[in-house]
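Remarks on the overall topology
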Amino acid sequence: MSLYDDAVLVLKGYEDQEELRQAYLDHLAAHPDGMWKACHAGHVTASALVIDPSRERVLLTLHKKLRMWLQMGGHCEPGDATLAAAALREATEESGIAALTLLPGGPVRLDRHPIPAPCHWHFDVQYAALAPPGAVQEISDESLDLSWFAYDEVADVADESVVRLLEATRARL
């Protein structure tokens, strides 16, 4: 099964955010290349909010280009077999934490946001990942910083999309 096919199945099985979910499916139906960065009409991305083992904090990255505190995530790559694998790969690469595990149940939420030209949209499929006990983060080339934030601190440092992802993650926990 291709990554595109997996994305369609994942989105068809996702039961929340009906209107946005349908916009993702419509985008993929209109753009067979909609999984890839080269699709200038927009492309699917995968991300994961990393939760500490005590389930009291989340790890955010200070994104190098955007200079915003965000969850780990990014573009799908040809080696990604599934959206979940892409989200886990991105979270592992950007956090430096091995042995992350995605929360069961598939994506936690969807977030479509505009991006600078030449592309127009990121269709982000957002997961949540639990860090193992004793996890130590390591800053990647894509980050200016990594930091753990208590749940009640996230709204002070991150935008509404991260806050909504945290809320959905906490409901899943």
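Residues numbered from 1 in each chain as written. Predicted model: local features only at pLDDT ≥ 70, side-chain atom pairs only at ≥ 80, totals over all residues. Heavy atoms only, no water.

**Structural notes on the side chain of His43**
Within the secondary structure, His43 sits in strand E1 (residues 43-51). Taking relative accessible area as the criterion, His43 reaches 1% and is therefore assigned buried. When near neighbours in sequence (up to four residues on either side) are disregarded, His43 contacts His27, Gly34, Met35, Trp36, Lys37, His75, Ile115, Cys119, Trp121, His122 and Phe123. (Helix = DSSP H or I, 4+ residues; strand = E, 2+ residues; numbered from the N terminus. Buried < 20%, exposed > 50% of the residue type's maximum accessible area, 1.4 Å probe, protein only. Contact = heavy atoms within 4.5 Å.)

**Concerning the side chain of Thr169**
Tracing the chain through its elements places Thr169 in helix H5 (residues 160-172). Of the residues examined, Thr169 reaches a relative accessible area of 1% and is grouped as buried. Beyond its immediate stretch of four places on either side in the chain, Thr169 contacts Leu49, Ile51, Leu103, Val108 and Ala128.

**A short note on the nonpolar core**
By size, the foremost hydrophobic cluster in this structure holds 31 residues, and its most contacted members are Met35, Val50, Leu83 and Val125. Looking at this core, the elements with two or more residues in it are helix H1 (3-13), helix H2 (18-30), E1, helix H3 (83-95), strand E7 (121-130) and strand E8 (143-150). When residues no more than four places from it in sequence are discounted, the contact partners of Val125 are Leu11, Tyr24, Val44, Thr45, Ala46, Ser47, Leu83, Pro107, Arg109 and Leu110. Core analysis: the second largest hydrophobic core is formed by 19 residues, Trp69, Leu70, Val162 and Val163 among them. (Core = buried A, V, L, I, M, F, W, Y, C linked by side-chain atoms within 4.5 Å.)

**A look at the pairing of strand E6 (residues 109-114)**
One ladder, built from 6 bridges, connects E6 with E7; its direction is antiparallel. Counted as the bridge partner of Pro114 is Trp121 from E7. Hairpin remark: E6 followed by E7, antiparallel, with 6 residues in the connecting loop. (Pairing = 2+ DSSP bridges.)

**Let's talk about the packing of H1 against H2**
Where H1 meets H2, the axes come as close as 10 Å, and the angle between the chain directions of the two elements is 155 degrees. Relative to H2, the element H1 lies roughly antiparallel. Helix-helix and strand crossings are classified by hand; for H1 and H2 the assignment is left-handed. On H2, the residues that touch Tyr4, Ala7, Val8, Leu11 and Lys12 of H1 are Arg21, Tyr24, Leu25, Leu28 and Ala29. (Axes fitted to C-alpha atoms, helices over the stretch in contact; angles between N-to-C directions. Parallel < 35°, antiparallel > 145°, perpendicular 65-115°, else oblique. Left-handed = near helix turned anticlockwise from the far one by under 90°.)

**Some details on the pattern of salt bridges**
Scanning the entire structure with this criterion turns up 8 salt bridges. A salt bridge links Asp80 to Arg89, with the shortest nitrogen-to-oxygen separation between them at 2.8 Å. The residues Asp80 and Arg89 share a single accessibility class, namely buried. Here Glu90 ties to Arg89 by a salt bridge, and the two come within 3.0 Å at their closest N and O atoms. In this pair, the class of Glu90 matches that of Arg89, namely buried. In the salt-bridge network here, residues are joined through shared partners; they are Glu77, Asp80, Arg89, Glu90 and Glu93. (Salt bridge = Lys/Arg side-chain N within 4 Å of Asp/Glu carboxyl O.)

**A short note on H1**
All of the buried residues along H1 are Leu3, Asp6, Ala7, Val8 and Leu11. Packed against the buried residues of H1 are H2, H3, E6 and E7.

**Some remarks on unusual backbone geometry**
With an omega of 15 degrees, the peptide bond between Ala117 and Pro118 qualifies as cis. If you trace the backbone, Pro118 turns up in the loop between E6 and E7. At Gln17, a residue that is not glycine, the phi angle is positive and equals roughly 50 degrees. Relative to the assigned elements, Gln17 resides in the loop between H1 and H2. In this structure, Arg55 is a non-glycine residue whose phi angle is positive, near 60 degrees. Its place among the elements puts Arg55 in the loop between E1 and strand E2 (57-63).

Everything listed here is a matter of geometry and, on its own, says nothing about what the molecule does.
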